[in-house]
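Residues per chain are reported as follows:
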Amino acid sequence: MQRIAIARALAVKPAVVFADEPTGALDQATGREVMGILMAAARDNGSAVVVVTHDPTLLRSAAVP
């Protein structure tokens, strides 16, 4: 379901993608995969990604310029 939501959100090439707990209902491996897809697609589209999460693992992996 998350992969479809990512595709729909990025199909219009938005400047900013807002993701509220994108990995909240996923196991760690699938969560990493989903975040990888989201970040790669956003990078390819030149989009910024704003993520809301309570997951400390996801928080540590966030790239802040």
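The preceding data block contains the structure.
Presented here is a report on the structure given in the accompanying data block. Keep in mind the model is a prediction, meaning the values are calculated, not measured. (Residues numbered from 1 in each chain as written. Predicted model: local features only at pLDDT ≥ 70, side-chain atom pairs only at ≥ 80, totals over all residues. Heavy atoms only, no water.)

1. A short note on the pairing of strand β2 (residues 48–52)
Side-chain positions along a regular strand alternate between the two faces of the sheet. Selection criterion: Whether two strands pair comes down to DSSP finding at least two bridges between them. Secondary structure follows DSSP: runs of H or I at least 4 residues long count as helices, runs of E at least 2 residues long count as strands, and numbering of each begins at the N terminus. Looking down the strands as they point away from you, a crossover is right-handed if its path from the first strand over the helix to the second goes clockwise.
Pairing between strand β1 (residues 16–20) and β2: five bridges, direction parallel. Across the sheet, the residue bridging to V17 is V49, located in β2. The handedness of the β1 to β2 crossover, carried by helix α2 (residues 28–45), is right-handed.

2. Quick notes on α2
Selection criterion: Every helix has an expected span of 1.5 Å times one less than the residues it contains. With a 1.4 Å probe rolled over the protein chains alone, any residue whose accessible area is under 20% of its type maximum counts as buried; one over 50% counts as exposed, and the rest are partly exposed. Each C-beta atom gives one direction from the helix axis, and the arc is the one those directions make.
Helix length check: α2 (18 residues) gives 25 Å between terminal C-alpha atoms against 26 Å at 1.5 Å per residue, within 8%. Restricting attention to buried positions, one finds in α2 the residues G31, V34, M35, L38 and A42. Across the axial projection of α2, the buried residues extend over an arc of 95°, all falling on one side. In this structure, α2 carries R32, R43 and D44 as exposed residues pointing more than 90 degrees from its buried face.

3. Notes on the nonpolar core
Stated precisely, the cut-off is as follows: Among the buried residues, those of types Ala, Val, Leu, Ile, Met, Phe, Trp, Tyr and Cys that are joined through side-chain atoms within 4.5 Å form a nonpolar core. Residue contacts follow a heavy-atom distance rule, with two residues in contact if any of their heavy atoms lie within 4.5 Å.
Grouped together as the largest cluster of nonpolar side chains are eight residues: I6, L10, V17, A19, V34, M35, L38 and L58. Taken together, the elements giving at least two residues each to this core come down to α1 (2–10), β1 and α2. Per-element accounting of this core gives the leading share, three residues, to α2. Once residues lying within four places of it in the same chain are set aside, the contact partners of L38 are I6, L10, V17, A19 and V49.

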